[in-house]
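# Secondary and tertiary structure notes
Listed here are the chains, written in short residue letters.
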Amino acid sequence: MIDLHLHTTASDGLLAPAALVARAAACGLSTISVTDHDTTAGLAEADEAARRQGIRLVSGVEITAIHEKRDVHMLAYFVDPSNAAFAGFLESQRRDRLRRVRQIADRLAALGCPIDDESLLADRKGRSVGRPLIADALIAAGRAVDRDDAFRRFLAEGAPAFVPRPGPRPETVIAVARQAGGVVSLAHPGLTKIDDLIPFLATAGLASLEVRHSDHDQATEDRYRQVAAQHGLAVSGGSDFHGDLGHRGAVLGQITISEQELADLESRRP
Ligand code: ZN
Ligand code: FE
Ligand code: FE
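Our subject in this report is the structure included herewith. Residue indices begin from 1 for each chain and proceed along its sequence in written order. Each chain takes a letter, starting from A, and each ligand takes a number, starting from 1, following the order in which they are written. Residues qualify for local features only when their pLDDT is at least 70, as the model is predicted, and side-chain atom pairs are given and counted only at 80 or more; totals for whole chains, interfaces and linings, by contrast, use all residues. The basis for every side-chain value is the complete set of heavy atoms in the structure, and neither hydrogens nor water enter the calculation.

## Some points on the overall build of the protein chain
The helix and strand labels rest on DSSP assignments: H or I over at least four residues marks a helix, E over at least two residues marks a strand, and numbering proceeds from the N terminus. Summing up its helical and strand segments, the protein chain has eleven helices and seven strands in all. Computed over its C-alpha atoms, the radius of gyration of the protein chain comes to 18 Å, within 12% of the 18 Å expected for a compact globule of 270 residues. In terms of principal-axis extent, the alpha carbons of the protein chain reach across some 55 × 40 × 40 Å. When burial is assessed residue by residue, the protein chain has 55% of its 270 residues classed as buried. Pairs at least 24 residues apart make up 72% of the contacts formed inside the protein chain by residues separated by at least 6 positions. Computation of the radius of gyration draws on C-alpha atoms alone. For the globule rule, the value is 2.2 Å times the number of residues to the power 0.38. Partly exposed describes any residue whose relative accessible area lies between the buried limit of under 20% and the exposed limit of over 50%, with all areas from a 1.4 Å probe on protein chains only and scaled to the type maximum. Note on contacts: a residue pair qualifies if any of its non-hydrogen atoms lie within 4.5 Å across the two residues.

## Here we look at the coordination of the iron ion (ligand 2)
Atoms of type N, O and S within 2.8 Å of a metal are treated as its donors, and for Na, K and Ca the window is 3.2 Å; water is not considered, so some sites may appear to be missing partners. Distances from the iron ion (ligand 2) to its protein donors, namely Glu 62 (OE), His 73 (ND1) and His 188 (NE2), fall within the range 2.1 to 2.2 Å. Every donor residue of the iron ion (ligand 2) comes from the same chain, spaced as E-x10-H-x114-H. Here the iron ion (ligand 2) and the zinc ion (ligand 1) are spaced 5.7 Å apart. Linking His 73 in strand 4 (residues 70–77) with His 188 in the loop between strand 5 (183–186) and helix 8 (189–192), this pair joins segments that are 115 residues apart in sequence. Each of the two residues, His 73 as well as His 188, counts as buried.

## What to know about the coordination of the iron ion (ligand 3)
Looking at the iron ion (ligand 3), one finds its protein donor set to be His 5 (NE2), His 7 (NE2), Glu 62 (OE) and Asp 240 (OD), positioned 2.1 to 2.2 Å from the metal centre. Sequence spacing among the residues donating to the iron ion (ligand 3) works out to H-x1-H-x54-E-x177-D. Between the iron ion (ligand 3) and the zinc ion (ligand 1) there is a metal-metal distance of 4.5 Å. Taken together, the positions of His 7 in the loop between strand 1 (2–6) and helix 1 (17–26) and Glu 62 in strand 3 (residues 56–67) put the pair 55 residues apart, joining distant regions of the chain. Neither residue differs from the other here; His 7 and Glu 62 are each classed as buried.

## Let's talk about the environment of Asp 148
Mapped onto the fold, Asp 148 is located in helix 6 (residues 147–155). Under the relative-accessibility criterion, Asp 148 is labelled partly exposed at 41%. Distance from Asp 148 to Ala 135, taken between C-alpha atoms, is 8.2 Å for residues 13 residues apart in sequence.

## Structural notes on the sheet that holds strand 7 (residues 234–238)
Any two strands with at least two DSSP-identified bridges between them are counted as paired. Read across the sheet, seven strands follow the order 1-2-3-4-5-6-7 without closing on themselves; strand pairing throughout is mixed. Across the chains shown, the open sheet's two edge strands, defined by having one partner strand only, are strand 1 and strand 7. On average, adjacent strands in this sheet sit at an angle of 35 degrees to one another, irrespective of strand direction. Here strand 5 runs beside strand 6 (residues 208–213); their pairing, made up of two bridges, is parallel. Among the inter-strand pairings, Ser 185 is bridged to a residue of strand 6, identified as Ser 208. Here helix 10 (residues 218–230) sits on the sheet in contact with strand 6 and strand 7, set at roughly 165 degrees to strand 6. For helices, the axis comes from a line fit to the C-alpha atoms of the stretch in contact; other axes are also lines fit to C-alpha atoms, and the angle between any two N-to-C directions lies between 0 and 180 degrees.

## Some remarks on the pattern of salt bridges
Put simply, a salt bridge is a Lys or Arg side-chain nitrogen that is within 4 Å of an Asp or Glu carboxyl oxygen. Using the criterion set out here, one finds 20 salt bridges in the structure. One salt bridge connects Asp 71 with Arg 131, and the closest N-O pair in it is separated by 3.8 Å. Remark: Arg 131 occurs in helix 5 (residues 131–140) and Asp 71 occurs in strand 4; sequence separation between them is 60 residues. The exposure class of Asp 71 is partly exposed, given its relative accessible area of 25%. The shortest N-O distance in the salt bridge between Arg 99 and Asp 96 comes to 3.0 Å. Here Arg 99 pairs with Asp 96, and both are found in helix 3 (residues 84–110), just three residues apart, close to one helical turn.

## Quick notes on the nonpolar core
Ile 63, Met 74, Phe 86, Leu 206 and Leu 209 are the most contacted members of the largest nonpolar core, which totals 29 residues. At the level of elements, strand 3, strand 4, helix 3, helix 7 (170–178), strand 5, helix 9 (198–203), strand 6 and helix 10 are the ones that each hand at least two residues to this core. Examining the composition of this core, we find that four residues originate from one element, helix 7, more than from any other. The contacts of Phe 86, once residues within four sequence positions are left out, are Val 61, Ile 63, Val 79, Asp 80, Val 176, Ala 177, Gln 179 and Ala 180. Grouping buried Ala, Val, Leu, Ile, Met, Phe, Trp, Tyr and Cys residues that are joined through side-chain atoms within 4.5 Å yields what is termed a nonpolar core. By size, the runner-up hydrophobic cluster in this structure holds 21 residues, among which are Leu 121, Leu 138, Ala 144 and Ala 161.

Listed below in structure tokens is the structure:
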């Protein structure tokens, strides 16, 4: 069983890397990828834990690109986290995230819902911040009941504390990841809905579509499996598990891909 989309406390997941790996192994997963948002800070601990548990860890990261002001999540696999250009790229992504979190905190304060952003931002050391952590701070301040509630009322696009973010284009993310040995899969296309861009991204070096995902129903999965085949792309998949009380109804061990699919993905390493 293979799950290539998991989050830890290095970004907005609720389990530390070692705890997540232990849970994954206990669920029967044999290969996993830790794909935190714009950071590889969780990979070293996850790798050590995976060795202990006797399972395979594929290095990964989920990178936020922007297309026409909308977030486009892209999964980079098999990247070398020590590649200087790639590490520098992720660092600038995290700097943008920090700036945005401060802007959102200012908005929230102006709305009469201040959060403790200093303790939120303290001590992140290469771990990334984002709106889910602001949501957690809003919950702690008694302003929201859960992450979904916080997004709906304050943080989602169109909500009062929403701040747009800058970001690289998807094709830039593909180029930066490829020069670090990475293979890029378009994350949860059923949520991102940029189907018209897929042919162009395929010519720009996109290797795969994340066909299997907790938020894809059977029809969505079937559709993207077909789109992948049409453009000669591999198929990736994973639960997008953020912890039992994470912001999605993802269950560990439920969304997996086959060894054959992983082998196809891996064969596309540059
Ligand atoms: Zn997340
Ligand atoms: Fe995502
Ligand atoms: Fe994710």
